[in-house]
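# Architecture at a glance
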Amino acid sequence: MATKGSKTTTKKVTTKKTTRTNSKKEGVIEVKEPKKVGSKIKGFFKKIFNFIKSHKYIFGILSGLIVLIIFYLIYLSISLGFTVVTIDETKFTKADLNMQLYNLKYSYFGKESYEISDATLDEQITSLNMTVGEYLKQQAVEELKILTAVEKIAEENNISLSDEDYKDLEENKEEVISNVGGKSEFKKLLRKNNITEAAYDKFYYINKLYDKVFEELYSSGKKNDLTTEEKESAKEEYFEKYLKIQQIVLAKIDVSTGNDLGDTIINQKETLANSILTEARNGADFEDLIIKYSEEAQEKGNNTYYYAKGDLLENIESVVVSLGTGSISDVIETDYAFHIVKRLELDDSKLENYYDIVRNNKLVDDIQDMIEDYKIFYENSYKKIK
């Protein structure tokens, strides 16, 4: 125990940190230097640098190409926003025009242009004395004129889409995205056809706005509804243009594949068709025969159809037009089936539907009157679009 006057000393002990591993020799401690990771990384990058330096011309060319490709892709993306045509002071971009072209290709040919042979395209428009590209671009501009008119009519009459309308547009877009395989595939589809998502949205927005204009201005009871005289004229046209029929159909082809069913089955169906015709002419209820035999039969009460003249196959329509009301045709053979048709007396149950067709035609005529005087200015970039 220390007392006053006693002296104590404290030894300072220092230790040196080492990295130790057990040696195979018992009791021996081996000291290793820490790994120099930084020096290895520096060496790796030095090798890369030396490699690039020794192949600098190749890497210079590749770098230049990559830069050019990047700038070209950026330019293509930006160029979709360039104005290509101005219609009555309304500007439309390259993407807007391409969206119309995309829609027209499907409307006319049922597929995208790159899937259509030149021969097929030429056959479609030989009588017009212009190339397919010129024709489609001309039609695309006509569609853009209609869009311009629709927006002007809507603006002049304070017509706009409701929240429910926008919801419908979004739901329809989501359905398209789902059908093509997801958002990434949807974007690929747009890029492949040089369309922006904004142009896609605008296209369907205007189509929805067209429906809104019709609903607010041209539907029954609205400002631009048919006049009494126009309704009387439409009614006369309806009874002149429409046919009401029932028919029994026995297919000659496999509807799922389109392949011929073969002579044996076709001959059997022809025999059956003649047997059914005998039953019908002997007084059997025609709709009962439809339910029993027709391969296109619906539930009883839903087998009567209304057709505008020109909508039926030509050889069927020519027979139906010649039939008296309540008469039954002979067996009519087409490339697809054997048909037995009964013509019914036309009633006015579809007359209101026809009025809507005439109302829509009235809107179209009003739009055509508007766009006749539109001034159109084409940018140089319009010529480059194919």
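Below or above, wherever it landed, is the structure these notes cover. Source: prediction; values computed, not measured. (Residues numbered from 1 in each chain as written. Predicted model: local features only at pLDDT ≥ 70, side-chain atom pairs only at ≥ 80, totals over all residues. Heavy atoms only, no water.)

### Here we look at the packing of aromatic side chains
With the rule as written, the count across this model stands at nine aromatic pairs. A centroid spacing of 5.1 Å and a plane angle of 85 degrees characterise the contact between Phe-186 and Tyr-200, whose relative ring orientation is edge-to-face. With a gap of 14 residues between them, Phe-186 in helix H7 (residues 183-192) and Tyr-200 in helix H8 (residues 197-218) connect regions that are remote in the sequence. Measuring from ring centre to ring centre gives 5.1 Å for Tyr-238 and Phe-239, while their planes differ by 85 degrees; the resulting arrangement is edge-to-face. By relative accessible area, Phe-239 is classed as partly exposed at 38%. Ring pairing ties together the aromatic residues Phe-186, Tyr-200, Phe-203 and Tyr-204, which thus form one cluster. For the cation-ring pair, Lys-231 lies above Tyr-355, with the distance from its terminal atom to the ring centre recorded as 5.5 Å. (Phe/Tyr/Trp six-rings, centres within 6.5 Å; stacked < 30°, edge-to-face > 60°. Helix = DSSP H or I, 4+ residues; strand = E, 2+ residues; numbered from the N terminus. Buried < 20%, exposed > 50% of the residue type's maximum accessible area, 1.4 Å probe, protein only. Lys NZ or Arg CZ within 6 Å of the ring centre and 35° of its normal.)

### A closer look at the pattern of salt bridges
Side chains that carry opposite charge are capable of pairing whenever their charged atoms lie near each other. In total, this model carries 20 salt bridges according to the counting rule given. Close ionic contact of Asp-201 with Lys-173 constitutes a salt bridge, the shortest N to O distance being 3.0 Å. Here Asp-201 is found in helix H8, whereas its partner Lys-173 is found in helix H6 (residues 163-180), with 28 residues between them in sequence. On the basis of relative accessibility, which here comes to 34%, the residue Asp-201 falls in the partly exposed class. Overall, the relative accessible area of 9% leaves Lys-173 in the buried class. Between Asp-356 and Arg-359 there is a salt bridge whose closest N-O contact spans 2.9 Å. You can see Asp-356 and its partner Arg-359 sitting in helix H13 (residues 351-371), three residues apart, about one turn around the helix. (Salt bridge = Lys/Arg side-chain N within 4 Å of Asp/Glu carboxyl O.)

### Some thoughts on the sheet that holds strand S8 (residues 337-344)
With respect to topology, four strands assemble into an open sheet ordered S6-S5-S8-S7, the strand pairing being antiparallel. The sheet terminates laterally at strand S6 (305-308) and strand S7 (332-333), the two strands that pair on one side only. Of the pairings in the sheet, the one linking S7 to S8 comprises two bridges and is antiparallel in character. Among the inter-strand pairings, Ile-332 is bridged to a residue of S8, identified as His-339. Along the sheet, helix H9 (residues 228-241) contacts strand S5 (242-251) and S6; its crossing angle with S5, the most-contacted strand, is approximately 30 degrees. (Pairing = 2+ DSSP bridges. Contact = heavy atoms within 4.5 Å. Axes fitted to C-alpha atoms, helices over the stretch in contact; angles between N-to-C directions.)

### Here we look at a negative patch on the surface
Judged by side-chain charge, Asp-163, Glu-164, Glu-170, Glu-171 and Glu-174 come together as a negatively charged surface patch. With respect to the helices, strands and loops of the structure, Asp-163 is situated in helix H6. Given the relative accessible area of 70%, Asp-163 is considered exposed. (Patch = residues over 30% accessible without salt bridge, like charges linked within 9 Å, V, L, I, M, F, W, Y side chains within 5 Å. Areas by Shrake-Rupley, 256 points an atom, 1.4 Å probe, with all protein chains shown as cover. Lys, Arg positive; Asp, Glu negative; His and termini not counted. Charge placed at Lys NZ, Arg CZ, Asp CG, Glu CD.)

### Here's the deal with the pairing of strand S4 (residues 90-93)
In terms of strand pairing, strand S3 (residues 83-87) meets S4 through four bridges, oriented antiparallel. Its bridge partner being in S4, Thr-86 is matched across the sheet by Lys-91. A loop of two residues connects S3 with S4, the two strands running antiparallel in sequence, and Asp-88 in this loop sits at a positive phi of about 50 degrees.

### Things to note about the nonpolar core
The biggest cluster of nonpolar side chains holds 33 residues, and the ones touching the most others in it are Val-213, Leu-363 and Ile-367. When residues of this core are traced back to their parent elements, those giving at least two are S3, helix H3 (94-109), helix H5 (132-156), H8 and H13. Looking at this core, the element that brings in the most residues is H5, giving 11 residues. Sequence-distant contacts of Val-213, that is, excluding residues within four places in its chain, are made with Val-150, Ile-153, Ala-154, Ile-159, Tyr-218 and Leu-363. In this structure, Leu-250, Ala-280, Leu-289 and Tyr-293 belong to the second largest nonpolar core, which totals 14 residues. (Core = buried A, V, L, I, M, F, W, Y, C linked by side-chain atoms within 4.5 Å.)

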